[in-house]
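Reading the structure
Letter by letter, the chains look like this.
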Amino acid sequence: MANNGLKLTIFFIFIITYEYWSTHVKVQDYNSVGSTHLIKDVFILAGQSNMAGRGGVIDGDWDGIIPPEIKANPGRILRLGGDLRWVDAQEPLHADIDVNKTCGVGPGMAFANAVLRGDPRRFRVVGLVPCAIGGSGIVEWSRGGRLYEGLTRRAAAAVEGGGEIRAVLWFQGERDTLNISDAELYKERLRKLFIDLRTDLKSPLLPVIQVALASGEGPYLEMVRKAQNGINLPNVKTVDAKALLLQPDGLHLSTSAQVQVGKMLAHAMLKSNFAR
């Protein structure tokens, strides 16, 4: 009996030790010098609330529902946390970035899973860099501003170990539908943002895949959508979220719609022959 008790004790110690090492140590390994070679394919997630993710958020609470398309993929899909450390990615991706709002499902995980399924030889480890902030207008993303500087700082941290920024995924503009002056200036502001990012990230042809709006906070939605679809820059692609299912608030995409957007972004990435 005593031997059985000792065996059980040793067994439980083993289980506890294994669980600790498989979670804590693995996360640390993503940030060690010897393992940063894993981070090869970096994607910047930028914009406002629909990129940050409000799928499944109703009355300030997230329902926690995780469809198969957005499940975690440990070791293959990582996210750069607010502390600039790599961890296994899981929803909500922006929980420690867009901290003043409740975050739910965005397009990032669906995108990452889809590119890995679509071309596992081309994309081995996906590193997602959440940068989106709910309610932010395009002016707040201009060079020199807090959001712009935060994005470039996080992008620099993401490639320190040899990773490559493969694209910026951009979903923003709902705020700029509120008044006509912002809507009229949106196209030029957006164009300048993309050029500035490419300059400061030292990648003149960095791919940008943007989402044309499904909704807006004001009456100038179609004006902003026209501006988005009218951007004429090399390596800028647009996917359209129009008519996708919205949350009851009429502004934010539902979980199922975010999955669709993620897949559309992935399709654009997989099918486009971006110049380098």
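Residues numbered from 1 in each chain as written. Predicted model: local features only at pLDDT ≥ 70, side-chain atom pairs only at ≥ 80, totals over all residues. Heavy atoms only, no water.

At the junction of Glu91 and Pro92, the peptide bond is cis and its omega measures out at -5 degrees in the coordinates. Residue position: Pro92 is located in the loop between strand 5 (86-88) and helix 3 (108-118). With a phi close to 65 degrees, Asn235 is a non-glycine residue in the positive phi region. Its place among the elements puts Asn235 in the loop between helix 6 (221-229) and strand 9 (236-240). Taking the relative accessible area as the measure of exposure, Asn235 reaches 11% and is therefore buried. A positive phi angle, close to 80 degrees, is found at Ala243, a residue other than glycine. (Helix = DSSP H or I, 4+ residues; strand = E, 2+ residues; numbered from the N terminus. Buried < 20%, exposed > 50% of the residue type's maximum accessible area, 1.4 Å probe, protein only.)

A few words on the packing of aromatic side chains. All chains considered together, the criterion is met by four aromatic pairs. Taking the centre distance of 4.8 Å and the plane angle of 75 degrees together, the rings of Phe43 and Phe111 count as edge-to-face. Taken as a pair, Phe43 in strand 1 (residues 41-47) and Phe111 in helix 3 lie far apart in primary sequence, 68 residues in all. By the burial criterion, Phe43 is buried, and Phe111 matches it. (Phe/Tyr/Trp six-rings, centres within 6.5 Å; stacked < 30°, edge-to-face > 60°.)

This part takes up helix 4 (residues 146-158). For helix 4, with 13 residues, the first-to-last C-alpha span of 18 Å sits near the 18 Å given by 1.5 Å per residue. Buried residues of helix 4: Leu147, Tyr148, Leu151, Thr152, Arg154, Ala155, Ala157 and Ala158, and no others. (Expected span 1.5 Å × (residues − 1).)

Look at any regular strand and the pattern is simple: side chains alternate between the two faces of the sheet. Two strands pair when backbone bridges link them, and strand 8 (residues 208-212) and strand 9 are joined in this way by five bridges, in the parallel orientation. When the sheet's bridge partners are listed, Val208 is paired in strand 9 with Val236. What joins strand 8 to strand 9 is helix 6, and the crossover it makes is right-handed. (Pairing = 2+ DSSP bridges. Right-handed = clockwise from strand over helix to strand, strands pointing away.)

So, about the nonpolar core. Of all hydrophobic cores here, the largest spans 76 residues; its most connected members are Ile44, Leu128, Trp170, Leu193, Phe194 and Met269. Filtering out sequence-adjacent residues up to four positions away, Trp170 remains in contact with Ala46, Gly47, Met51, Ile138, Trp141, Tyr186, Leu190, Leu193, Phe194, Ile209, Gln210 and Val211. (Core = buried A, V, L, I, M, F, W, Y, C linked by side-chain atoms within 4.5 Å. Contact = heavy atoms within 4.5 Å.)

Note that Ala114 resides in helix 3. The class of Ala114 is buried, set by a relative accessible area of 12%. Between the C-alpha atoms of Ala114 and Val259, which are 145 residues apart in sequence, the distance is 9.9 Å. Excluding anything up to four places from it in sequence, Ala114 contacts Ala266 and Leu270.

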